[in-house]
Amino acid sequence: QVQLVESGGGLVQAGDSLRLSCAVSKRTASRYTMGWFRQAPGKERKFVAAISYIAGSTNYADSVKGRFTISRDNAKNTVYLQMNSLKPEDTAVYYCAAANTVLEVTSRRSYPYWGQGTQVTVSS
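First, a word on scope: everything that follows refers to the structure included in this document. (Residues numbered from 1 in each chain as written. Predicted model: local features only at pLDDT ≥ 70, side-chain atom pairs only at ≥ 80, totals over all residues. Heavy atoms only, no water.)

1. Considering the sheet that holds strand β8 (residues 78–83)
Moving on, step 1. Spatial ordering of the open sheet is given by β1-β3-β8-β7, a layout of four strands whose pairing is antiparallel. Of all the strands in the sheet, the pair left with one neighbour each is β1 (3–7) and β7 (68–73). Each adjacent strand pair in this sheet contributes to an overall mean axis angle of 15°, direction not counted.
Moving on, step 2. Pairing of β7 with β8, which is carried by six bridges, proceeds in the antiparallel orientation. Bridge pairing links T69 to Q82 in β8. (Pairing = 2+ DSSP bridges. Helix = DSSP H or I, 4+ residues; strand = E, 2+ residues; numbered from the N terminus. Axes fitted to C-alpha atoms, helices over the stretch in contact; angles between N-to-C directions.)

The following block contains the structure:
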């Protein structure tokens, strides 16, 4: 089975940067598409970014384009989300997700595997 563990969240000031990490463990060799989603209390979980196994294809939500960068190190089984120029509206729990087959990369229903989430809070 696939297990995902996020880390790197915290409390920061507007304009600061954070880098989230997601460590992936698996029982069998698989080449997963990886995604980041975020959810604020009372809100739907929304797509943030995704990256293919070979890192040749990335996708970003319009709200984070130019500020966030998704990357991966397949040798370390780790995916990253570099977040720059953070805004208060970025405050949410951030979740890492994985899928071995993706029809729609921005849909959370495409991802069967999820981490526990890490809190990001941005003060104004």
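2. So, the packing of aromatic side chains
Moving on, step 1. A full pass over the atoms with the stated rule returns five aromatic pairs.
Moving on, step 2. Pairing Y32 with Y113 gives two aromatic rings, centres 6.0 Å apart and planes at 80°, and the pair type is edge-to-face. Placement of Y32 in the loop between β3 (18–25) and β4 (33–39) and of Y113 in strand β10 (residues 113–114) is noted, with a sequence separation of 81 residues between them.
Moving on, step 3. Look at Y32 and you get buried, because its relative accessible area is 6%.
Moving on, step 4. The exposure class assigned to Y113 is partly exposed, which follows from its relative accessible area of 27%.
Moving on, step 5. Joined through ring pairs, the aromatic side chains of F37, F47, Y111 and W114 make up one cluster.
Moving on, step 6. When the ring centre of Y95 is taken as origin, the NZ or CZ atom of R45, which lies over that ring, is 3.6 Å away. (Phe/Tyr/Trp six-rings, centres within 6.5 Å; stacked < 30°, edge-to-face > 60°. Buried < 20%, exposed > 50% of the residue type's maximum accessible area, 1.4 Å probe, protein only. Lys NZ or Arg CZ within 6 Å of the ring centre and 35° of its normal.)

3. Remarks on the state of the cysteines
Moving on, step 1. Evaluated as defined, the whole model comprises one disulfide.
Moving on, step 2. Note on cysteine connectivity: C22 is disulfide-linked to C96, with sulfurs 2.2 Å apart. Note on the C22 and C96 pair: the S-S dihedral is about -85°, so by sign convention the disulfide is left-handed. Of the two residues, C22 sits in strand β3 while C96 sits in strand β9 (residues 92–99), which places them 74 residues apart along the sequence. Neither C22 nor C96 differs from the other in exposure class; each is buried. (Disulfide = S-S within 2.5 Å.)

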